[in-house]
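Observations on the model geometry
Below are the chains, spelled out letter by letter.
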Amino acid sequence: MSASHGDVVVIGAGLIGLAIAFELAERGASVRVYDRGEPARAASWAGAGMLAPYSESIGNAVLLELCAGSLREYPVFVERVRDASGIDPRLHLDGVLHAWFDEDRREEFVAPDAAAGVAAEVLDRAGVIALEPWLGAHVAGGVFVRGEGHVDNRRLGRALVTACKARGVTISQTSTIHIECDARRVRGVGTDLGFVAAASAINACGAWAAQLSGVPSACIPPVTPVKGQMLALAAPADFVRHATWLSGAYLVPREDGRLLVGATVEAAGFDERVTAGGLQRLLEAALTSAPALGSFAVTESWAGLRPGTPDGLPFLGPTAIDGLLLATGHYRNGILLAPITARLIADAVESGGAGELLQPFLLERANAEEAAARRISHA
Ligand code: GLY
């Protein structure tokens, strides 16, 4: 343990909250995690586990750098979680293909720089088909990003729960959770199970982060849910070899034989239903790009809520209330960003401040924008 951090409470037992709890517990902190639902569910369970900052075409340079940094940390993170839990989260960093069905897509691709630990190869039509022979007549070309990949997020969730418990973290389910603060600092967290004092409380509530009760208004992150529907097909082993972006859908192969097809992007409030229209859009996108998928059985469908933010960047780090930190708003990159979020938030808990890497992700930016908007509307 490099610094004193007192007792820490993490609110939200998704991959982000669990990764923070695991990191802090490994550094010697006493950590409790609370969630209203089961641990490692919600978006952490619903995602596809794609680890692909470059092929996902993240346009914001600061976010791209955060995502690329987290990708570099993934192998060691997974090894630590596997060692502590005995569960293999099945990390595959064998490359991600972004297939183009229109030559213009080439313009959108941001090539990684040499230091990123990945390498991109632009492929013509024949090159794409050699890599993934099931891609049909419509494919125009693509880019193959070596070093990107995917992780089985459901296994990672189970592994993190076990790893946290092995490191002494308590994980509790409770139907009510509220933060208690005085004018300057956090005092603790109240739940059905009683009040626990805490030197630090971390809001890792994902799409529900703005709903956490007891938080002073200046510390409420403007996070809103963005629904994603997905389905799974039963595909022959190795039919799809690499995670692949199509036009309007992506595919992620799992070792257990499921081929995940994702995902819709919908502003639908907290509606988590799987809808006929959502599945239709997903299947239409996938089958238009890859008709060969049409004969496979649909084995599962589900929906989850991503935590969206006004500018697409997560909210990470300290707030105006001492000891109250944010780790939310990861939108489409929560699984990818778990390792770096855990490390940076643990550093912030230990130091009581925000290091340089956290500066672009502080809540202050949203409060400053809101104040500027108010000034303009009163002018
Ligand atoms: N990261 C993929 C998705 O949000 O659908």
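These figures come from a predicted structure and were not determined experimentally.

**A word on empty space enclosed by the protein**
On inspection of all chains with the given rule, the structure shows 2 cavities of 30 Å³ or more. Computed from the structure, the largest cavity encloses a volume of approximately 40 Å³.

**Topic: the packing of aromatic side chains**
According to the stated counting rule, one finds 6 aromatic pairs in the structure shown. Judged by centre distance (5.7 Å) and plane angle (35°), the ring pair of Trp-208 and Phe-270 falls under tilted. Taken together, the residues Trp-208 in the loop between strand E13 (200–203) and strand E14 (224–234) and Phe-270 in the loop between strand E17 (258–262) and helix H6 (276–289) connect sequence positions 62 residues apart. With centroids separated by 5.0 Å and ring planes inclined at 90°, the aromatic side chains of Phe-239 and Phe-296 adopt a geometry described as edge-to-face. With Phe-239 in the loop between E14 and strand E15 (243–245) and Phe-296 in the loop between H6 and strand E18 (297–308), this residue pair connects regions lying 57 residues apart in the sequence. Here the aromatic residues Trp-134, Phe-239 and Phe-296 are joined through ring pairs into a cluster of three or more.

**A short note on the site of the ligand**
Residues in contact with the ligand, as listed here, are Glu-56, Tyr-250, Ala-263, Arg-306 and Arg-332. Within the side chain of Tyr-250, an N or O atom sits 2.7 Å from an oxygen atom of the ligand. Protein burial of the ligand: of its 200 Å² of free accessible surface, 89% is covered by the chains. In terms of residue class, the shell around the ligand is made up of 2 nonpolar, no polar and 3 charged.

**Some thoughts on the layout of surface pockets**
Quantified by volume, the second largest pocket comes out at close to 380 Å³. Around the second largest pocket sit 22 residues that line it, and Glu-56, Trp-245, Val-265, Tyr-331 and Arg-332 are the ones nearest its centre. Partitioning the lining of the second largest pocket into residue classes produces 10 nonpolar, 8 polar and 4 charged.

**Observations concerning the nonpolar core**
Grouped together as the largest cluster of nonpolar side chains are 61 residues, with contacts concentrated most on Val-10, Ile-20, Leu-24, Val-31, Leu-160 and Ile-202. Looking at this core, the elements with two or more residues in it are strand E1 (7–11), helix H1 (15–26), strand E2 (30–35), helix H3 (61–85), strand E7 (141–146), helix H5 (153–166), strand E20 (324–328) and helix H7 (334–351). For Ile-20, the contacting residues outside a window of four places in its chain are Val-10, Ile-202, Ala-327, Thr-341, Ala-342 and Ile-345.

**Focus: the sheet that holds strand E12 (residues 194–197)**
The strand order across the open sheet built from 3 strands is E10-E11-E12, with neighbouring strands paired in antiparallel fashion. Since the sheet does not close on itself, it has two edges, and those belong to strand E10 (177–181) and E12, each with one partner. For this sheet, the mean inter-axis angle between neighbouring strands, taken without regard to orientation, is 25°. Of the strand pairs in this sheet, E10 and strand E11 (residues 186–191) are connected by 5 bridges, and their pairing is antiparallel.

What counts, and where the lines are drawn
- Residues numbered from 1 in each chain as written.
- Predicted model: local features only at pLDDT ≥ 70, side-chain atom pairs only at ≥ 80, totals over all residues.
- Heavy atoms only, no water.
- 1 Å grid on protein atoms, 1.4 Å probe; cavity = no way out; pocket = protein on both sides within 12 Å on 5 of 7 lines; lining within 4 Å.
- Points joined across faces, edges and corners; volume = space filled by probe spheres on them.
- Phe/Tyr/Trp six-rings, centres within 6.5 Å; stacked < 30°, edge-to-face > 60°.
- Helix = DSSP H or I, 4+ residues; strand = E, 2+ residues; numbered from the N terminus.
- Near = heavy atom within 4 Å.
- Polar contact = N/O pair within 3.5 Å; in protein donor to acceptor, adjacent residues only side chain to side chain.
- Areas by Shrake-Rupley, 256 points an atom, 1.4 Å probe, with all protein chains shown as cover.
- Nonpolar A, V, L, I, M, F, W, Y, C, P; charged D, E, K, R; others polar.
- Core = buried A, V, L, I, M, F, W, Y, C linked by side-chain atoms within 4.5 Å.
- Buried < 20%, exposed > 50% of the residue type's maximum accessible area, 1.4 Å probe, protein only.
- Contact = heavy atoms within 4.5 Å.
- Pairing = 2+ DSSP bridges.
- Axes fitted to C-alpha atoms, helices over the stretch in contact; angles between N-to-C directions.

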